[in-house]
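In case you want the letters, here they are:
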Amino acid sequence: MTGAAASAPRLRLGVNIDHVATVRNARGGDHPDPVRAAEIVASVGGDGITAHLREDRRHIRDEDIARIQAATSLPLNFEMAATDEMVAIALRHRPHAACIVPERREERTTEGGLDAAGQHNRLAPAIARLSDAGIRVSLFIAPEPRQIEAALRLGAPVVELHTGEYAHATGEARAIELKRIADMAALAARNGIEPHAGHGLTYDNVQAIAAIPQLAELNIGHYLIGEAIFTGLADAVRRMRDLMDAAR
Ligand code: PXP
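Let me sum up the structure you'll find in this document.

What counts, and at which threshold
- Residues numbered from 1 in each chain as written.
- Predicted model: local features only at pLDDT ≥ 70, side-chain atom pairs only at ≥ 80, totals over all residues.
- Heavy atoms only, no water.
- Near = heavy atom within 4 Å.
- Polar contact = N/O pair within 3.5 Å; in protein donor to acceptor, adjacent residues only side chain to side chain.
- Nonpolar A, V, L, I, M, F, W, Y, C, P; charged D, E, K, R; others polar.
- Salt bridge = Lys/Arg side-chain N within 4 Å of Asp/Glu carboxyl O.
- Helix = DSSP H or I, 4+ residues; strand = E, 2+ residues; numbered from the N terminus.
- Buried < 20%, exposed > 50% of the residue type's maximum accessible area, 1.4 Å probe, protein only.
- Pairing = 2+ DSSP bridges.
- Arc of directions from axis to C-beta.
- Contact = heavy atoms within 4.5 Å.

### What to know about the site of the ligand
Surveying the vicinity of the ligand reveals 13 residues, the closest of which are E79, E160, G200, G221 and H222. The contact in question runs from an oxygen atom of the ligand to an N or O atom on the side chain of E79, over 3.2 Å. Looking at the shell around the ligand residue by residue, the class counts come to four nonpolar, seven polar and two charged.

Below is the structure:
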């Protein structure tokens, strides 16, 4: 696919390195080190590092955050639940961005979007504390008008649209999901919110998303780390980058 969004600005690629830490933690040692992954991402033109410090520390650990920040000058997008503990950690490390995600201990990954509409009173103070510290707040939401409207009421400068439903759908259902994401990216942009997208993106499904002209950033993790086993992380990031560029 080429030229679908010919005049759109360059789309940033944030690489989520959580699953390097998943493999490391499987043996309880320090190899493979997510910091080395961050360095490789930086060396091949990745635009940012994304890392999710989960409540149960199943992949990224507290000490990884400072190590990642020290190892690369790429902006860190810190994915976090809106808890007092995570807000305190974010305030300590002051990442470039904090993406607030819903978190349930038993889930395998972040399965749905944040209910920004239903949790205004819980989210507002966390967003204010992060924003006051100069951290760019993003809300990971389903591509639904009421969630965009809620993000607007909460004053979030960025939303990340959850592409999981799109990634898992096939045929007509996928086309419907794609349109929802495109419509919500446009709605966010019209309201002055910078739209990002992520979850479940692969070489096969990334281009239709990358062609949405309002999107400014994609965050991609599991598939890239999986591909890195076969081709190396540098090759995997380069290939994803090439596919994204070709879609614009
Ligand atoms: N964006 C957010 C907010 C996420 O929570 C995740 C998964 O941690 C991703 C992007 C990356 O998703 P995937 O690992 O499926 O590429």
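### A closer look at the pattern of salt bridges
Within this structure, the stated rule accounts for 17 salt bridges. Close ionic contact of E194 with R12 constitutes a salt bridge, the shortest N to O distance being 3.0 Å. Pair noted here: E194 is in strand β7 (residues 194-198) and R12 is in strand β1 (residues 12-16), with a separation of 182 residues, a long-range link. Sharing partners across several salt bridges, the network here consists of R10, D47, R241 and D245.

### A few points about the pairing of strand β4 (residues 97-100)
On β4, burial covers both faces: A97 and C99 on one face and A98 and I100 on the other are all buried. As paired strands, strand β3 (residues 76-80) and β4 are joined by four bridges and run parallel to one another. Counted as the bridge partner of N77 is A97 from β4. Alignment of β4 against strand β5 (residues 136-141), held across four bridges, turns out to be parallel. In the strand pairing of β5, C99 is matched with S138.

### Points about helix α2 (residues 34-43)
For α2, the complete set of buried residues consists of P34, V35, A37, A38 and V41. Down the axis of α2, the sector holding all buried residues measures 155°, keeping them to one side. Facing away from the buried side of α2 by over 90 degrees, the exposed positions are R36 and S43. Buried residues along α2 sit in contact with β1, α1 (18-27), β2 (48-52), α3 (62-71) and α11 (233-246). For α2, the N-terminal capping position is held by D33, with its side-chain oxygen 2.9 Å away from the main-chain nitrogen of V35. Remark: G45 follows α2 within two positions and exhibits a positive phi of approximately 90°.

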